[in-house]
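Each chain is listed here by its residues.
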Amino acid sequence: MEITPQAVVIPKGTDHLEQGKYGPIFPRTPACYGFTIIAKVKPGRAEAIRDHGHTLAKALEADPHLLAPLKLHYLRWVLFDDDTRFMYQGIFDTDFDKYTEDAVDLFSRSGVNTAFENLEGFPEDWRTNPEAFTRFVRAHHCPSFIEYGEYPYVTADEIKKALRIKSALSEMLDQLQ
């Protein structure tokens, strides 16, 4: 099986895209689905965002599968412009609407807050109002115009399965020696 890297240019306009529950459904790309949010940090709240990173890391130590419902590949959080702006970048396997609804459900059930609570304009009722959460994310989303995948259109579950098979084969070969 040969895996050929691919790139897809994403058009600037969204009028031609299928409409989902909360707006346009961006296409799956070689990097799967994802979004980048850039928002202003509430004054004095940058350290709370950093602290929340530690809180999330500890929650994941306690339950490594905490974020599994989100079908994530990667998350990246960045504070910049002297800690006045925040960038959240996520790559995942579900479309935008499902990801945001799953995120609200996951964080509401787990008791883990979201770092977004420290961002200007984030709805205080986000736990009971997924539509407000999604409106905020869409309003702060900065769509990419090209996405590249070294292993295109491969889901996180497929990657984990391939790694389990590789491990099992390695173990089997080690036993044969």
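Worth saying up front: this structure is predicted, and the values here are computed from it rather than measured.

**Details of the side chain of His141**
Positionally, His141 belongs in the loop between α3 (130–140) and β5 (146–149). Of note is the side chain of His141, whose polar atom sits 3.2 Å from the backbone oxygen of Thr36. Sequence-distant contacts of His141, defined by excluding residues within four places in its chain, comprise Phe26, Gly34, Phe35, Thr36 and Ile37.

**Here we look at the nonpolar core**
Formed by 32 residues in total, the largest nonpolar core has its most connected members in Phe35, Phe86, Phe116, Leu119, Phe133 and Val137. Ranked by residues supplied to this core, first place goes to helix α2 (residues 96–110) with 6 residues. Setting aside chain neighbours within four positions, we find Phe35 in contact with Tyr88, Gln89, Gly90, Phe92, Phe96, Tyr99, Thr100, Val137 and His141.

**Structural notes on the pattern of salt bridges**
Within the structure shown, the criterion is met by 10 salt bridges. Glu47 is the salt-bridge partner of Arg50, the closest N and O atoms lying 3.3 Å from each other. Here Arg50 pairs with Glu47, and both are found in helix α1 (residues 46–62), just 3 residues apart, close to one helical turn. Among the salt bridges present, the one from Asp157 reaches Lys71, with a minimum N-O distance of 3.0 Å.

**So, the pairing of β5**
Side chains of β5 alternate between two faces, with Glu147 and Gly149 buried and Ile146 and Tyr148 left unburied. Examined bridge by bridge, strand β1 (residues 6–9) and β5 share 4 bridges and lie antiparallel to one another. Bridging across to β5, Ala7 finds its partner in Tyr148.

**Some remarks on unusual backbone geometry**
A positive phi is found at Lys71, a non-glycine position, where the angle reads about 55°. Residue position: Lys71 is located in the loop between α1 and β3 (72–80). Accessibility expressed as a relative area gives 31% for Lys71, which makes it partly exposed. For Asp81, which is not a glycine, the phi torsion comes out positive at approximately 55°. Mapped onto the secondary structure, Asp81 falls in the loop between β3 and β4 (85–92). In this structure Asp81 comes out as partly exposed when scored by relative accessible area, which is 41%.

**Focus: the packing of α2 against α3**
For any two helices packed against each other, one specifies the crossing angle of their axes together with the interaxial distance. Here α2 crosses α3 at 125°, and the two axes come no closer than 10 Å. On the basis of the axis angle, α2 is oblique to α3. α3 is crossed by α2, and the crossing has right-handed handedness. In this structure, α2 contributes Phe96, Asp97, Thr100, Ala103 and Val104 to the contact, and α3 contributes Pro130, Phe133, Thr134, Val137 and Arg138. Grouping the amino acids of the contact of α2 with α3 by side-chain chemistry returns 6 nonpolar, 2 polar and 2 charged.

**Brief notes about the sheet that holds β3**
On the basis of which strands lie adjacent, the open sheet formed by 3 strands has the order β2-β4-β3 and antiparallel pairing. The outermost strands of the open sheet, each flanked by one partner alone, are β2 (33–40) and β3. Each strand of the sheet is rotated relative to its neighbour by a mean of 10°, with strand direction disregarded.

About the criteria used
Residues numbered from 1 in each chain as written. Predicted model: local features only at pLDDT ≥ 70, side-chain atom pairs only at ≥ 80, totals over all residues. Heavy atoms only, no water. Helix = DSSP H or I, 4+ residues; strand = E, 2+ residues; numbered from the N terminus. Polar contact = N/O pair within 3.5 Å; in protein donor to acceptor, adjacent residues only side chain to side chain. Contact = heavy atoms within 4.5 Å. Core = buried A, V, L, I, M, F, W, Y, C linked by side-chain atoms within 4.5 Å. Buried < 20%, exposed > 50% of the residue type's maximum accessible area, 1.4 Å probe, protein only. Salt bridge = Lys/Arg side-chain N within 4 Å of Asp/Glu carboxyl O. Pairing = 2+ DSSP bridges. Axes fitted to C-alpha atoms, helices over the stretch in contact; angles between N-to-C directions. Parallel < 35°, antiparallel > 145°, perpendicular 65-115°, else oblique. Left-handed = near helix turned anticlockwise from the far one by under 90°. Nonpolar A, V, L, I, M, F, W, Y, C, P; charged D, E, K, R; others polar.

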